[in-house]
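Structure assessment
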Amino acid sequence: MTSSSSFSQDSKRFAHSHPEGLRADALMEEDVAWSHEIDGERDGDQFDRSDRAALRRVVGLSTELEDVTEVEYRQLRLERVVLVGVWTSGTVQDAENSLAELAALAETAGALVLDGVTQRRDKPDAATYIGSGKAEELRDIVVETGADTVICDGELSPGQLIHLEDVVKVKVIDRTALILDIFAQHAKSREGKAQVALAQMQYMLPRLRGWGQSLSRQMGGGKGGGLATRGPGETKIETDRRRIREKMAKMRREIAEMKTGREIKRQERKRHKVPSVAIAGYTNAGKSSLLNRLTGAGVLVENALFATLDPTVRRAETPSGRLYTLADTVGFVRHLPHHLVEAFRSTMEEVGESDLILHVVDGSHPFPEEQLAAVREVVRDVGATDVPEIVVINKADAADPLTLQRLLRVEKRSIAVSARTGQGIEELLALIDNELPRPSVEIEALVPYTHGKLVARAHDEGEVISEEHTPEGTLLKVRVHEELAAELTPYVPAPAL
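Here, residues in each chain are numbered from 1, in the same order as that chain's written sequence. Local features are withheld for residues below a pLDDT of 70 in this predicted model, meaning they are given only at 70 or higher, and side-chain atom pairs are given and counted only at 80 or more; totals for whole chains, interfaces and linings count all residues. Values reported for side chains reflect all heavy atoms of the structure, with hydrogen atoms and water molecules removed beforehand.

We note that Asn284 has phi near 70°; this positive angle belongs to a residue other than glycine. Inspection of the secondary structure assignment puts Asn284 in the loop between strand 6 (276-281) and helix 9 (287-295). Within the chain, Lys395 stands out as a residue other than glycine whose phi angle is a positive 60°. A relative accessible area of 5% means that Lys395 is categorised as buried. Each helix is a run of DSSP H or I of at least 4 residues and each strand a run of E of at least 2, with the numbering of both proceeding from the N terminus. Here the term buried applies to any residue with accessible area under 20% of the maximum for its type, exposed to any over 50%, and partly exposed to those in between, with areas from a 1.4 Å probe on protein chains only.

Laid out in structure tokens, this is it:
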């Protein structure tokens, strides 16, 4: 068996052919170190930053490929990894971009990427993902680099995981498990942790393993007990699967209860006719930075994929004085695992229930069109295709001017901004003001001073065109919804004769 050089005959080494690495393209610009003096005014207090940067003890770095008597519940403890991808369609550049994004995901999870390889195949091998011969060559690369983990750029079946692990003799995980581990690290809220736990259990259920006595059976439950037993009973792994299904059912009930609380808040905003805007986009496109720039929310901003998971809703005001809510949502990525789409469906409903979507795309990325397509695919999955969309091309200060021109020409409802420098923010606020739904009824009313609550509601729920204080009361000319218009109708001045 030759070394990794034979692998490159019909496959391509990732790290060696790109010494500077493509993974930075999947992240933001390099000089993104956060400082209170420079970024504090824009991003607000970053309370999570100290926790994220704190020392974390890494427990047990062994690969755990020994015989055990319990079902495998191994945590991802990534250290030194080799990436492998199967290139089935598209160009060489597409395959390298996908592996670069996998490298950025691995680094976000805390791994050191040593090498990466791609292989050209019509379809992944059913047994070992890359074929038995290439699996042996991958084993040579693992030995050469001293890696303790192999990450595959795709979702592997349970059989593929087992067979590939048997050949390379180190831990093997896939793209889905890697993303789930990042989500588990970054989830902070009770709902976020519950959603990640549900997605992890959905992923682990068909992949449970047992060794040694794990396949032994419990005694059957005969009527008389003792010697009067019937049937072989459950194996240990069947018992574990049943328990996981029970936990999943309990987790779904808890998430449904938490979803009810968010729906009540959403209905309260609807009752007061407060428009809602949802920020959606690719992970690390700058959604949290934009939210901080628009509202001063103080959401954590970090140069990492999926840095913030928990949705944040903040109150904002248009230049004309209209109130609306701005919601930051979880970032999307190519090939987002369906387990996550299902688990985070209640959170993603913020996008479907909004009146306007700010689709944030990284203008400095080499291929922003791919990001747009990936996000729109998930938006279709959550049923938000009818919501108006504004494409916000972020990081305009670091973007290629030709790329900006191309995006602005192709996307008719788009605007270029920079959340870092403030470029284009005023124009974006004006565009949001124009695109938000306006109250349908225009009315002029002379409201007595004893009914000041109606004036306050007109300011909160409607659009005040003019306001004049007279001896008889407040003369308002406003655009409001039908319910408030009915309450103001008794105070409409009689027409002059």
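Here the narrative resumes, following the displayed structure.
What follows concerns the side chain of Asp153. One can find Asp153 in the loop between strand 4 (149-152) and helix 5 (158-168). Here the side chain of Asp153 touches Arg175 through a polar contact of 2.8 Å, side chain to side chain. Working rule for contacts: check all heavy atoms of both residues, and any pair within 4.5 Å makes them a contact. With near-sequence residues (within four places) excluded, Asp153 lies in contact with Val84, Gly85, Ser98, Leu99, Leu102, Tyr129 and Arg175. Any pair of N or O atoms that falls within 3.5 Å is considered a polar contact. Within protein, one atom must be able to donate a hydrogen and the other to accept it, and sequence-neighbouring residues count only if both atoms are side-chain atoms.

With that settled, the discussion passes to the packing of helix 12 (residues 368-381) against helix 13 (residues 401-410). Between the N-to-C directions of two axes lies an angle of 0 to 180 degrees, each axis being a line fitted to C-alpha atoms and, for a helix, fitted only over the stretch in contact. One way to put it is that helix 12 packs onto helix 13 with a least axis distance of 11 Å and a crossing angle of 40°. Compared by their axis directions, helix 12 and helix 13 come out oblique. Side by side, helix 12 and helix 13 meet where Pro368, Glu369 and Leu372 of the first sit next to Thr403, Arg406 and Leu407 of the second. All amino acids are sorted into three groups, where Ala, Val, Leu, Ile, Met, Phe, Trp, Tyr, Cys and Pro are nonpolar, Asp, Glu, Lys and Arg are charged, and the leftover types, Gly among them, are polar. Considering only residue class, the contact of helix 12 with helix 13 consists of three nonpolar, one polar and two charged. In these notes the angle categories are as follows: under 35 degrees is roughly parallel, over 145 is roughly antiparallel, 65 to 115 is roughly perpendicular, and the rest is oblique.

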